[in-house]
Amino acid sequence: MAGDEGKPANGGSVRVDSWIWCVRLTKTRSTAAAACRAGHVRVNGERVKPAQAVRPGDEVRLFHAGRERIVVVSKVIGKRVGAPIAAECYVDNSPPPPPREDVLALGLRDRGTGRPTKRDRRELERLLHGSARPGDGGVRPPRPQRDGGARRRTSD
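Report on the accompanying structure. Because the structure is a prediction, the values reported are computed rather than measured.

## What about the sheet that holds strand E7 (residues 90-92)?
Reasoning step 1: Read across the sheet, five strands follow the order E3-E2-E5-E6-E7 without closing on themselves; strand pairing throughout is antiparallel. Two strands lie at the open edges of the sheet, namely strand E3 (46-47) and E7, each paired on one side alone.

Here's what the structure looks like:
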């Protein structure tokens, strides 16, 4: 039948890893299955395995790519579909994504300036971390004394 391409074959439920991939919450099905195995997917508050069935009305929480997605299943599909159709299959209750940081703009250099010098690199690290080296507060520890060993000349 035309228009039945996205319907599940088992009459109303489909695997949660497959559904997450079909509605484009993850790029690959293996990524969705790995998220389930790692405990990053919850259906109705319960951690689930990749083969857990999902039905309309279920709440799916997915922690992926540094943010939590909270969606309510409105339609169950078994095949990956385009983004406009996929958006109709769930209601997105996710919190808004965090604002993009301006840290990326600090690392930009003018085109043609070449490779950064050691001094440039240290100044950039001071801007990002607050000191020349993270954790040392900008103070170097004293250098250890060398005894010289067998290479030392003696004056006889």
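Moving on, there is more to tell.
## Some details on helix H2 (residues 29-37)
Reasoning step 1: Residues of H2 that are buried include every one of Ala32, Ala33, Ala35 and Cys36, and no others. Down the axis of H2, the buried side of the element spans an arc of 160°, and every buried residue falls inside it. Turned more than 90 degrees off the buried face of H2, the exposed positions are Ser30 and Arg37.
Reasoning step 2: Elements in contact with the buried residues of H2: helix H1 (16-22), strand E2 (41-43) and strand E5 (59-64).

## Focus on the side chain of Asp17
Reasoning step 1: Structurally, the position occupied by Asp17 is in helix H1.
Reasoning step 2: Assessed through its relative accessible area of 2%, Asp17 is described here as buried.
Reasoning step 3: Here the side chain of Asp17 touches Arg15 through a polar contact of 3.1 Å, side chain to side chain.
Reasoning step 4: Beyond its immediate stretch of four places on either side in the chain, Asp17 contacts Arg29, Ala32, Ala33, Cys36 and Pro50.

What counts and how
Residues numbered from 1 in each chain as written. Predicted model: local features only at pLDDT ≥ 70, side-chain atom pairs only at ≥ 80, totals over all residues. Heavy atoms only, no water. Pairing = 2+ DSSP bridges. Helix = DSSP H or I, 4+ residues; strand = E, 2+ residues; numbered from the N terminus. Buried < 20%, exposed > 50% of the residue type's maximum accessible area, 1.4 Å probe, protein only. Arc of directions from axis to C-beta. Contact = heavy atoms within 4.5 Å. Polar contact = N/O pair within 3.5 Å; in protein donor to acceptor, adjacent residues only side chain to side chain.

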